[in-house]
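Secondary and tertiary structure notes
As a plain string of letters, each chain reads:
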Amino acid sequence: MSPTQLVVIFLVVLAVAALVVLAVVTSRRRALRNRFGPEYDRVVADQDSRTAAERELRERERRHAELTLNPLSPESRARYAAAWEEIQIRFVDSPAAAVGDADELVTRLIAERGYPTGDYSEQLAHLSVEHARTLTHYRDAHDIHLRNTRGEASTEELRQAVVHYRELFADLLGEVPVQQHPDETPQDATSR
């Protein structure tokens, strides 16, 4: 073989290897985006680079795989659904207390499912692996809950917090906690 042919073969092999690497990186990125949804974009925005963000998300997946998650028994699921309905009923008379109760109930549900509940940031990281699509709701609800504990949340914000908590709650429960009437919006159910 001539030196020119060797150079051409080397360049072709190099180009094919580059395409394979690009395909693998693109495939991994797409898988992370599909799994983490809006959380992917949030982590990319928070990190110094997309590579660092994707490393963080893969680390979350690794740590999540070490958890022993528990499915809820039908009895436990019914207990939680009944407790949620009670919170929504109490909201009418005591919105601030209902938001605190919703936060506590969601935390208990998270713990019973097997997620750590000590550090809020760690809790979010673990939840993001399977519940990324409802995690923004949880963040928003928790922020309103914290403002509520300082006496800074309006009644409308408290109502929004309950709606946000319900999204994660339903995701963790695996079903809508309180059945809506056909002519009712999710916000109407909160005021029941």
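Residues numbered from 1 in each chain as written. Predicted model: local features only at pLDDT ≥ 70, side-chain atom pairs only at ≥ 80, totals over all residues. Heavy atoms only, no water.

Thoughts on the nonpolar core
In terms of nonpolar packing, the biggest core is built from 29 residues, with Trp 84, Ile 110, Leu 127, Tyr 138, Tyr 165 and Phe 169 touching the most fellow members. The greatest single-element share of this core, amounting to eight residues, is contributed by helix H7 (residues 155–173). Not counting chain neighbours up to four residues away, the residues in contact with Ile 110 comprise Tyr 115, Pro 116, Thr 117, Gln 123, Leu 127, Tyr 138, Leu 168 and Leu 172. Membership of the second largest hydrophobic core comes to eight residues, among which are Leu 32, Val 43, Val 44 and Leu 57. (Core = buried A, V, L, I, M, F, W, Y, C linked by side-chain atoms within 4.5 Å. Buried < 20%, exposed > 50% of the residue type's maximum accessible area, 1.4 Å probe, protein only. Helix = DSSP H or I, 4+ residues; strand = E, 2+ residues; numbered from the N terminus. Contact = heavy atoms within 4.5 Å.)

Considerations on the packing of aromatic side chains
Each pair of aromatic rings is reported with the distance of its centres and the angle of its planes. Summed over all chains, the structure comprises four aromatic pairs. Both rings, one in Trp 84 and one in Phe 169, keep their centres 4.8 Å apart while their planes meet at 25 degrees; by these two values the pair is stacked. Taken as a pair, Trp 84 in helix H4 (residues 74–91) and Phe 169 in helix H7 lie far apart in primary sequence, 85 residues in all. Neither Trp 84 nor Phe 169 differs from the other in exposure class; each is buried. Taken together, a centroid distance of 5.9 Å and an interplanar angle of 55 degrees make the contact between Tyr 120 and Tyr 138 tilted. By relative accessible area, which is 24% here, Tyr 120 ends up partly exposed. For Tyr 138, a relative accessible area of 1% puts it in the buried group. Each member of the aromatic cluster is reached from another via a ring pair, and the members are Tyr 80, Trp 84 and Phe 169. (Phe/Tyr/Trp six-rings, centres within 6.5 Å; stacked < 30°, edge-to-face > 60°.)

What to know about the environment of Ile 144
Within the secondary structure, Ile 144 is located in helix H6 (residues 120–149). Note on Ile 144: relative accessible area 7%, which makes it buried. Separated by 124 residues in sequence, Ile 144 and Val 20 have C-alpha atoms that sit 47 Å apart. Those residues within four positions of Ile 144 in sequence are excluded, and the remaining contacts are Ala 153, Glu 157, Leu 158, Gln 160, Ala 161 and His 164.

Considerations on a nonpolar patch on the surface
Judged by side-chain polarity, Val 8, Val 12, Val 16, Val 20 and Val 24 come together as a nonpolar surface patch covering roughly 400 Å² of accessible area. The residue Val 12 is located in helix H1 (residues 3–36) in this model. The class for Val 12 is partly exposed, based on a relative accessible area of 47%. (Patch = residues over 30% accessible without salt bridge, like charges linked within 9 Å, V, L, I, M, F, W, Y side chains within 5 Å. Areas by Shrake-Rupley, 256 points an atom, 1.4 Å probe, with all protein chains shown as cover. Salt bridge = Lys/Arg side-chain N within 4 Å of Asp/Glu carboxyl O.)

Concerning the packing of H1 against helix H3 (residues 50–65)
Running from N to C, H1 and H3 point in directions that differ by 60 degrees, and their axes come no closer than 11 Å. In terms of orientation, H1 lies oblique with respect to H3. Helix-helix and strand crossings are classified by hand; for H1 and H3 the assignment is left-handed. Residues Arg 28, Arg 29, Leu 32, Arg 33, Arg 35 and Phe 36 of H1 lie in contact with H3, whose contacting residues are Arg 50, Glu 54, Leu 57, Arg 58, Arg 60 and Glu 61. The residue inventory of the contact of H1 with H3, partitioned by class, reads three nonpolar, no polar and nine charged. (Axes fitted to C-alpha atoms, helices over the stretch in contact; angles between N-to-C directions. Parallel < 35°, antiparallel > 145°, perpendicular 65-115°, else oblique. Left-handed = near helix turned anticlockwise from the far one by under 90°. Nonpolar A, V, L, I, M, F, W, Y, C, P; charged D, E, K, R; others polar.)

Thoughts on H7
For H7, which comprises 19 residues, the first-to-last C-alpha distance of 26 Å matches the rise-based estimate of 27 Å (1.5 Å per residue) to within 8%. Just beyond H7, the residue with positive phi is Gly 174, at close to 90 degrees. (Expected span 1.5 Å × (residues − 1).)

With respect to the confidence of the model for the protein
Averaged over every residue, the pLDDT of the protein is 87; residues scoring 70 or more account for 91%. By mean pLDDT, helix H8 (residues 186–190) is the weakest element of the protein at 47, and helix H5 (residues 95–113) is the strongest at 95. Scored below 50 in pLDDT, residues 180–187 shows 11 contacts in the model against residues more than four places distant or in partner chains. (pLDDT = per-residue confidence, 0-100.)

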